[in-house]
Amino acid sequence: MEKLIYLEDLLKHSILELYSAEEQILKVLPVMMEKASNPDLKVALGNHLDITILQKERLEEIISVLNEQNKPKENSLFSTSFVDSNSVTSFGTGGILKEAERIMAEADHAGMLDAVIIAAVQKTEHYEIAAYGTARAYAKELGLYFIEGQLEKTLREEYEADDLLTKIAENGMINQLRAIPALTENKI
């Protein structure tokens, strides 16, 4: 891997990491939708799948714009093309999703599985909120206002998805889990 020398390099790396994250999420969301039993959760996951496709397309547009930038600085990652978008992997997203798969396999019943899915997706959303917010700050600092605006759109969508998942969890799912006898019998 080449050295990160300029803020532009760090922005490029961040964009490629976000692209990797969205690709990973696109593979897992359909599995989660299939396993979810709560109708509101299924709809939310389906809607977020559609939004994730748009977010990936937005990143592709950002990559295209960055590729068109005039004369990148010598010895920076900007001197190379974004063509190989697989050059950076989001290990953070990968780890969250791998853990989610493990815990989903351990869920004893549909309500528990729904709770696990919500937690996993929210962890992913929080990771994305941090990553998109950071990339947006880099773009703003560099005066790349179109890119900043595109990242801001996605950041707002990630916050909305997180808020919706919280509402779904709080509207009965937590109480449903409390009603399971094994949980209520062992209160401390």
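It should be noted that the structure appears before, not after, this text.
Please read all numbers here as calculations on a predicted model, not as lab measurements. (Residues numbered from 1 in each chain as written. Predicted model: local features only at pLDDT ≥ 70, side-chain atom pairs only at ≥ 80, totals over all residues. Heavy atoms only, no water.)

Tracing the chain through its elements places M32 in helix α1 (residues 7–35). When its relative accessible area of 2% is taken as the criterion, M32 is described as buried. Sequence separation between M32 and V116 is 84 residues; the distance between their C-alpha atoms is 9.8 Å. Those residues in contact with M32, other than ones at most four positions away along the chain, are L45, L97, A100, M104, I117, A120 and V121. (Helix = DSSP H or I, 4+ residues; strand = E, 2+ residues; numbered from the N terminus. Buried < 20%, exposed > 50% of the residue type's maximum accessible area, 1.4 Å probe, protein only. Contact = heavy atoms within 4.5 Å.)

A few words on the pattern of salt bridges. Side-chain pairs of opposite charge can arise whenever the charged atoms involved come near each other. Applying the stated rule across the entire model yields five salt bridges. Between R102 and E106 there is a salt bridge, with its nearest N and O atoms 2.7 Å apart. In this pair, R102 and E106 are both assigned in helix α3 (residues 91–106), four residues apart and thus about one turn of the helix distant. Residue class for E106 comes out exposed when judged on its relative accessible area of 53%. Among the salt bridges present, the one from E152 reaches R156, with a minimum N-O distance of 3.6 Å. Separated by four residues within a single helix, E152 and R156 lie in helix α5 (residues 145–178), roughly one turn from each other. Its relative accessible area of 43% is what places R156 among the partly exposed residues. Within this structure, E99, R102 and E106 form a network of salt bridges that share partners. (Salt bridge = Lys/Arg side-chain N within 4 Å of Asp/Glu carboxyl O.)

So, about the nonpolar core. In this structure, M32, L41, L45, I117 and V121 are the most contacted members of the largest nonpolar core, which totals 22 residues. Counting residues per element, the ones that place at least two in this core are α1, α2 (39–67), α3, α4 (110–141) and α5. Among the elements that take part in this core, α4 stands out by supplying six residues, more than any other. Core analysis: the second largest hydrophobic core is formed by 19 residues, L18, Y19, L66 and I147 among them. (Core = buried A, V, L, I, M, F, W, Y, C linked by side-chain atoms within 4.5 Å.)

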